[in-house]
Amino acid sequence: MSDEKKKGLRSQAWFGKQDRDGFMHRSWIKNQGYPDDMFDGRPVIGICNTWSELTPCNGHFRELAEFVKRGVYEAGGFPLEFPVMSLGETQLRPTAMLFRNLASMDVEESIRGNPIDGVVLLMGCDKTTPSLLMGAASCNLPTIGLSGGPMLNGKFRGHDVGSGTGVWMMSEMVRAGQMTMDEFVASESCMHRSKGNCMTMGTASTMASMVEALGMSLPENAAIPAVDSRRYKLAQLTGRRIVEMVKQDLTMDKILTREAFENAIRVNAAIGGSTNAVVHLLAIAGRMGVPLKLEDFDRLGAEIPCLVNLQPSGKYLMEDFYYAGGLPAVIREIQGWLRPEALTVNGRTLVDNSREAPCYNREVITPRDEPFKPDAGIAVLKGNLAPNGAIIKPSAASPHLMQHRGRAVVFESIEEFHERINDPELDIDEHCVMVLKNCGPKGYPGMAEVGNMPLPLKVLQKGITDMVRVSDARMSGTAYGTVVLHASPEAAAGGPLALVRTGDMIELDVAGRRLHLDVPEAELARRREQWQAPETPKRGWYKLYVDHVQQAHLGADLDFLVGGSGAAVPRESH
Ligand code: FES
């Protein structure tokens, strides 16, 4: 590397100093056995690792990091791996989402405060992807994403079973007496039988697809199974590429443009992606200073059909998706709808990368003229029940409920819901609208994935499998149903959802994009006067979060984290 280029490397502000400070920065790192020439002005690549045994979806990341390092060394860089807070979706209480913004702060400050010129983000389980992208975006160094890849298809008694989706389905079967508890427990190790993230098109696979669609990873990142040797080849190529990106000064702002987000929204529609992509993409865009609104998801995704026949909306799983051609095959199919100028980390555009991408299975990835489902994307609903918007995923909903008027049955909390839902005395039938309050960003806190409330037993026993549900919560990307989510403002912030009472009539009109509480304005005003805000946390992260979290329609980031601070070298430490 020329002296001119070396001067531009921020790591040289640590390692290039010929004085006491330079000694300290180099000498302590040398205790790990690195030779002198590692500090000679070659790009230092930080490998941001979310490995944790408590995040089982990312449990193979130490191995993956070794392959990234191979690539970095090959290209003449110096890789240094560092851990950040890892968020395991199935373990963290009260919800991993409460800590997405905290983890993003860890990522941001770890990058900025260290001698790093370029970054590889190792991401997998749901919240690990947005938290790393958000934190890195606020630094804006050359950055490349590498997802951990999905697990192999679950196999149980001769059938494929999908992460999450199979749990929701089988637990309802147990409740309805169609499956024993022993059978249910026996399926645990059959559903999740390899390393990797959930293999349905849930939030993890959706977000891995968003990483690829945004241009933040090399092609094929989303779908290669975690245990496939090609995942490790991709890791090595990712390591090689980030060194080149540093030399080219290919920073995140050149990739995460408005055009890239538009492409991501359209790809999310085409894959039938998770509703969680909405809050995450809004938050990432907020960090980059890219203007993106909730309404963009409806407007941009509306004309895109769903082409991918994957659970929870369809039949197949991520392993099938990869063998069918993966995300490049989908991108090729919808290329006419995509912004052709959006650049990716390999220096080519998203559309160019996928121009010749083959499709090997038209059952899994359908052609755009014969789509798996014509109704895709996210519908944004407005009305007096959600003045700032609420969302529904039409491809996961029941067509006969998309226009519905029903009597509200209200639950003030998820605990109250669990207490009462199977009470035979509960006055509820399949025509009612289940309403859940206080599960939004401030209310839960952390906006839990509880919006897909299980149906009452007595309704389930009639063979009914779906009802209209409305809340300020999120739902798991592996769930399905006619579920209205992310109502904003949320109940705990005094949104109109807080004023709904059992017996009120609610109208859902997805085609008209309307969510209406049929109660006179004067009565709502009277109820508003009586409303009391819930108690808020008094200390620690919970307090900081509740005091500063923004509403769902803005991406639920903390207000003071929106935007970025760049990667200027901080003052010396000694
Ligand atoms: Fe980690 Fe689904 S629980 S990806």
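Scroll up for the structure.
It should be emphasised that the depicted structure is a prediction, and the values quoted were computed from it without experimental measurement. (Residues numbered from 1 in each chain as written. Predicted model: local features only at pLDDT ≥ 70, side-chain atom pairs only at ≥ 80, totals over all residues. Heavy atoms only, no water.)

Novice: Can you lay out the overall build of the protein chain for me, pointing to particular residues and giving the numbers?
Specialist: Secondary structure summary: the protein chain contains 21 helices and 14 strands in total. Against the 2.2 N^0.38 benchmark of 25 Å for 574 residues, the protein chain shows a C-alpha radius of gyration of 24 Å, consistent with a compact globule. Seen through its principal axes, the protein chain has C-alpha atoms that stretch 75 × 55 × 45 Å. Long-range contacts, defined as pairs at least 24 residues apart, comprise 76% of the intrachain contacts of the protein chain with a sequence gap of at least 6. When the accessible area of the protein chain is evaluated, it comes to approximately 21900 Å², of which 51% is carbon and sulfur surface. Each charge class in the protein chain was averaged separately, 62 positive and 70 negative side chains, and the resulting centres sit 3 Å apart. (Helix = DSSP H or I, 4+ residues; strand = E, 2+ residues; numbered from the N terminus. Rg over C-alpha atoms; globule rule 2.2 N^0.38 Å. Contact = heavy atoms within 4.5 Å. Areas by Shrake-Rupley, 256 points an atom, 1.4 Å probe, with all protein chains shown as cover. Lys, Arg positive; Asp, Glu negative; His and termini not counted. Charge placed at Lys NZ, Arg CZ, Asp CG, Glu CD.)

Novice: Could you give an account of the nonpolar core, with specific residues and numbers?
Specialist: Grouped together as the largest cluster of nonpolar side chains are 107 residues, with contacts concentrated most on Val 120, Phe 261, Val 267, Leu 281 and Phe 321. Those residues in contact with Val 120 that sit more than four places away from it in its chain are Ile 45, Gly 46, Ile 47, Cys 48, Val 68, Ile 144, Leu 146, Thr 238 and Ile 242. Ranked by size, the runner-up nonpolar core spans 29 residues in total, among them Ala 379, Ile 392, Val 468 and Val 484. (Core = buried A, V, L, I, M, F, W, Y, C linked by side-chain atoms within 4.5 Å. Buried < 20%, exposed > 50% of the residue type's maximum accessible area, 1.4 Å probe, protein only.)

Novice: How would you explain helix H14 (residues 294-301) if you had to name every residue and give the values?
Specialist: Burial analysis of H14 places six of its eight residues in the buried class, which makes it a mostly covered element. Where H14 is concerned, the buried positions are Leu 294, Asp 296, Phe 297, Asp 298, Leu 300 and Gly 301. Residues of H14 that are buried sit in contact with helix H12 (258-271), helix H13 (276-288), strand S7 (379-383) and strand S8 (386-392).

Novice: Give me the lowdown on the sheet that holds strand S1 (residues 44-49), citing residues and values where you can.
Specialist: Read across the sheet, four strands follow the order S2-S1-S3-S4 without closing on themselves; strand pairing throughout is parallel. A single partner strand is all that each edge strand has here, and the edge strands are strand S2 (78-83) and strand S4 (143-147). Averaged over all adjacent pairs, the angle separating strand axes in this sheet is 20°, with direction ignored. Bridge count for S1 against strand S3 (residues 118-123) is five bridges, and the pairing is parallel. Counterpart to Cys 48 in the pairing with S3 is Leu 121. Lying on the sheet, helix H11 (residues 229-248) is in contact with S1, S3 and S4; it crosses S4 at an angle near 175°. (Pairing = 2+ DSSP bridges. Axes fitted to C-alpha atoms, helices over the stretch in contact; angles between N-to-C directions.)

Novice: Mind laying out the packing of aromatic side chains, listing which residues take part and the relevant values?
Specialist: Scanning the model with the defined rule gives seven aromatic pairs in all. Both rings, one in Tyr 34 and one in Phe 78, keep their centres 4.8 Å apart while their planes meet at 70°; by these two values the pair is edge-to-face. Placement of Tyr 34 in the loop between helix H3 (20-30) and S1 and of Phe 78 in strand S2 is noted, with a sequence separation of 44 residues between them. Note on Phe 78: relative accessible area 0%, which makes it buried. The structure contains a cluster of three or more aromatic residues connected by ring pairs, namely Phe 15, Tyr 34, Phe 39 and Phe 78. (Phe/Tyr/Trp six-rings, centres within 6.5 Å; stacked < 30°, edge-to-face > 60°.)

Novice: Tell me what's going on with the side chain of His 516, and back it up with residues and numbers.
Specialist: Within the secondary structure, His 516 is located in strand S14 (residues 514-517). Within the structure, His 516 has its side chain in polar contact with the side chain of Asn 384 (distance 3.4 Å). Discounting chain neighbours no more than four positions away, the residues touching His 516 are Asn 384, Met 505, Ile 506 and Glu 507. (Polar contact = N/O pair within 3.5 Å; in protein donor to acceptor, adjacent residues only side chain to side chain.)

Novice: Mind laying out the environment of Lys 247, listing which residues take part and the relevant values?
Specialist: Its location among the elements puts Lys 247 in helix H11. A residue is classified by how much of its surface remains accessible, and Lys 247, at 30% relative accessible area, is partly exposed.

Novice: Which residues make up the pattern of salt bridges, and what values do they have?
Specialist: Applying the stated criterion to the full structure yields 47 salt bridges. Two residues, Asp 557 and Arg 287, come together in a salt bridge whose shortest N-O distance is 2.6 Å. Linking Asp 557 in the segment after helix H21 (540-548) with Arg 287 in helix H13, this pair joins segments that are 270 residues apart in sequence. The same class applies to Asp 557 and to Arg 287, which are both buried. Bridged by salt links that share partners, the residues Arg 258, Glu 259, Glu 262, Asp 296, Arg 299, Arg 339 and Glu 341 form one connected network. (Salt bridge = Lys/Arg side-chain N within 4 Å of Asp/Glu carboxyl O.)

Novice: Tell me about the pairing of S1, and name the residues and values.
Specialist: Most of S1 sits out of view: six of its six residues are buried. Residues Val 44, Gly 46 and Cys 48 of S1 are buried on one face, and the alternating residues Ile 45, Ile 47 and Asn 49, pointing to the opposite face, are buried as well. Relative to S2, S1 is paired through six bridges, and the arrangement is parallel. Among the inter-strand pairings, Cys 48 is bridged to a residue of S2, identified as Phe 82. Traced from S1 through helix H4 (residues 61-74) to S2, the parallel crossover comes out right-handed. (Right-handed = clockwise from strand over helix to strand, strands pointing away.)

Novice: Mind laying out the environment of Glu 108, listing which residues take part and the relevant values?
Specialist: With respect to the element layout, Glu 108 can be found in helix H5 (residues 100-112). The class of Glu 108 is buried, set by a relative accessible area of 6%. C-alpha of Glu 108 to C-alpha of Ala 567: the two residues are 459 residues apart in sequence and 9.2 Å apart in space. Excluding residues that lie within four positions of it along the chain, Glu 108 makes contacts with Gly 135, Ser 138, Cys 139, Arg 287 and Ser 565.

Novice: So what about H21? Which residues, and what values?
Specialist: Residues that lie three or four places apart on an α-helix share one face, since the helix turns once every 3.6 residues. Of the residues making up H21, those classed as buried are Trp 541, Tyr 545 and Val 546. All buried residues of H21 lie within an arc of 125° about the axis, which places them on one face of the element. The inward-facing, buried residues of H21 contact H5. (Arc of directions from axis to C-beta.)

Novice: Give me unusual backbone geometry: which residues, what numbers.
Specialist: Cis geometry marks the peptide bond from Arg 93 to Pro 94; its omega dihedral reads 0°. Structurally, the position occupied by Pro 94 is in the loop between S2 and H5.

Novice: Kindly report on the pairing of strand S11 (residues 468-471), identifying the contributing residues and their values.
Specialist: The two faces of S11 match: Val 468 and Val 470 on one face and Arg 469 and Ser 471 on the other face are all buried. One ladder, built from four bridges, connects strand S10 (residues 433-436) with S11; its direction is parallel. Within S11, the position partnered with Val 435 by the bridge is Val 470. Where S11 lies against strand S12 (residues 483-488), two bridges are found, and the strand directions are parallel. Note on S12: the bridge partner recorded for Val 470 is Val 484.

Novice: Which residues make up the state of the cysteines, and what values do they have?
Specialist: Here the structure, examined in full by the defined rule, presents zero disulfides. Its sulfur unpaired, Cys 439 is 19 Å from the next cysteine sulfur, which belongs to Cys 432. Exposure remark for Cys 439: the relative accessible area of 1% places this residue in the buried category. (Disulfide = S-S within 2.5 Å.)

Novice: Describe the side chain of Thr 203, naming the residues involved and giving the relevant values.
Specialist: Inspection of the secondary structure puts Thr 203 in helix H10 (residues 203-213). At 3.1 Å, the side chain of Thr 203 forms a polar contact with the side chain of Ser 274. Excluding its chain neighbours within four sequence positions, the residues that come into contact with Thr 203 are Asp 126, Ser 274, Asn 276, His 280, Glu 449 and Gly 477.

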